[in-house]
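Fold and geometry: a report
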Amino acid sequence: MVGSPHTQLAAALEEAQVPDTTAQGVLDINSGARLEALQVAYAVTALLATTALFFTARIPRTPSVRPNERLRPPPRIAAVRRTFPRRCPVAAFSP
């Protein structure tokens, strides 16, 4: 079935031989429920975005390091770099 969900539901109700008054009631309820679900989804998204704004206050506005200081890796990473050279020849890994 190709088309909007409203059209698909109407076709399914017609195929199931649901009376017209009942089918119209089902379509009205479905339309209202879809609108309400969309409004709730937008409200939840807005609430999460607003909550996220409060957490951005903890992001520092200035760098934690002076520009002329060089960042050094933690000791464990430095030990790994000493163990494994940065550039390994590709031939060393071929069979």
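What comes next concerns the included structure. (Residues numbered from 1 in each chain as written. Predicted model: local features only at pLDDT ≥ 70, side-chain atom pairs only at ≥ 80, totals over all residues. Heavy atoms only, no water.)

Topic: the overall build of the protein chain
In terms of regular secondary structure, the protein chain is built from 3 helices and 0 strands. Beginning at the N terminus, the succession of helices and strands in the protein chain can be written as α-α-α. Looking at the protein chain as a whole, 4% of its 95 residues qualify as buried. Carbon and sulfur atoms form 63% of the exposed surface of the protein chain, whose accessible area is close to 9200 Å². (Helix = DSSP H or I, 4+ residues; strand = E, 2+ residues; numbered from the N terminus. Buried < 20%, exposed > 50% of the residue type's maximum accessible area, 1.4 Å probe, protein only. Areas by Shrake-Rupley, 256 points an atom, 1.4 Å probe, with all protein chains shown as cover.)

Topic: unusual backbone geometry
If you check the backbone angles, Gln 17 has positive phi at about 60° while not being a glycine. Within the element layout of this structure, Gln 17 appears in the loop between α1 (5-15) and α2 (20-55). What makes Gln 17 exposed here is its relative accessible area of 71%.

Points about α2
If you check α2, its first and last C-alpha atoms are 53 Å apart, about what 36 residues at 1.5 Å a residue would give, namely 52 Å. Buried within α2 we find Ala 23, Leu 27 and Asn 30. Contact partners of the buried residues in α2: α1. (Expected span 1.5 Å × (residues − 1). Contact = heavy atoms within 4.5 Å.)

Some remarks on a nonpolar patch on the surface
A grouping of Val 40, Val 44 and Leu 48 is seen on the molecular surface, where their side chains present a nonpolar patch of about 270 Å² in accessible area. For Val 44, a relative accessible area of 43% corresponds to the partly exposed category. (Patch = residues over 30% accessible without salt bridge, like charges linked within 9 Å, V, L, I, M, F, W, Y side chains within 5 Å. Salt bridge = Lys/Arg side-chain N within 4 Å of Asp/Glu carboxyl O.)

As for the environment of Val 18
Take Val 18: it is sitting in the loop between α1 and α2. With a relative accessible area of 24%, Val 18 lands in the partly exposed category. Beyond its immediate sequence surroundings of up to four residues, Val 18 is in contact with Leu 13 and Ala 23.

Thoughts on the packing of α1 against α2
Here α1 crosses α2 at 155°, and the two axes come no closer than 10 Å. Judged by the inter-axis angle, α1 sits roughly antiparallel to α2. The handedness of the crossing between α1 and α2 comes out as right-handed. Contacts between α1 and α2 involve Pro 5, His 6, Leu 9, Ala 10 and Leu 13 from the first element and Ala 23, Val 26, Leu 27, Asn 30, Ser 31 and Arg 34 from the second. When the residues that make up the contact of α1 with α2 are grouped by side-chain class, the tally is 7 nonpolar, 3 polar and 1 charged. (Axes fitted to C-alpha atoms, helices over the stretch in contact; angles between N-to-C directions. Parallel < 35°, antiparallel > 145°, perpendicular 65-115°, else oblique. Left-handed = near helix turned anticlockwise from the far one by under 90°. Nonpolar A, V, L, I, M, F, W, Y, C, P; charged D, E, K, R; others polar.)

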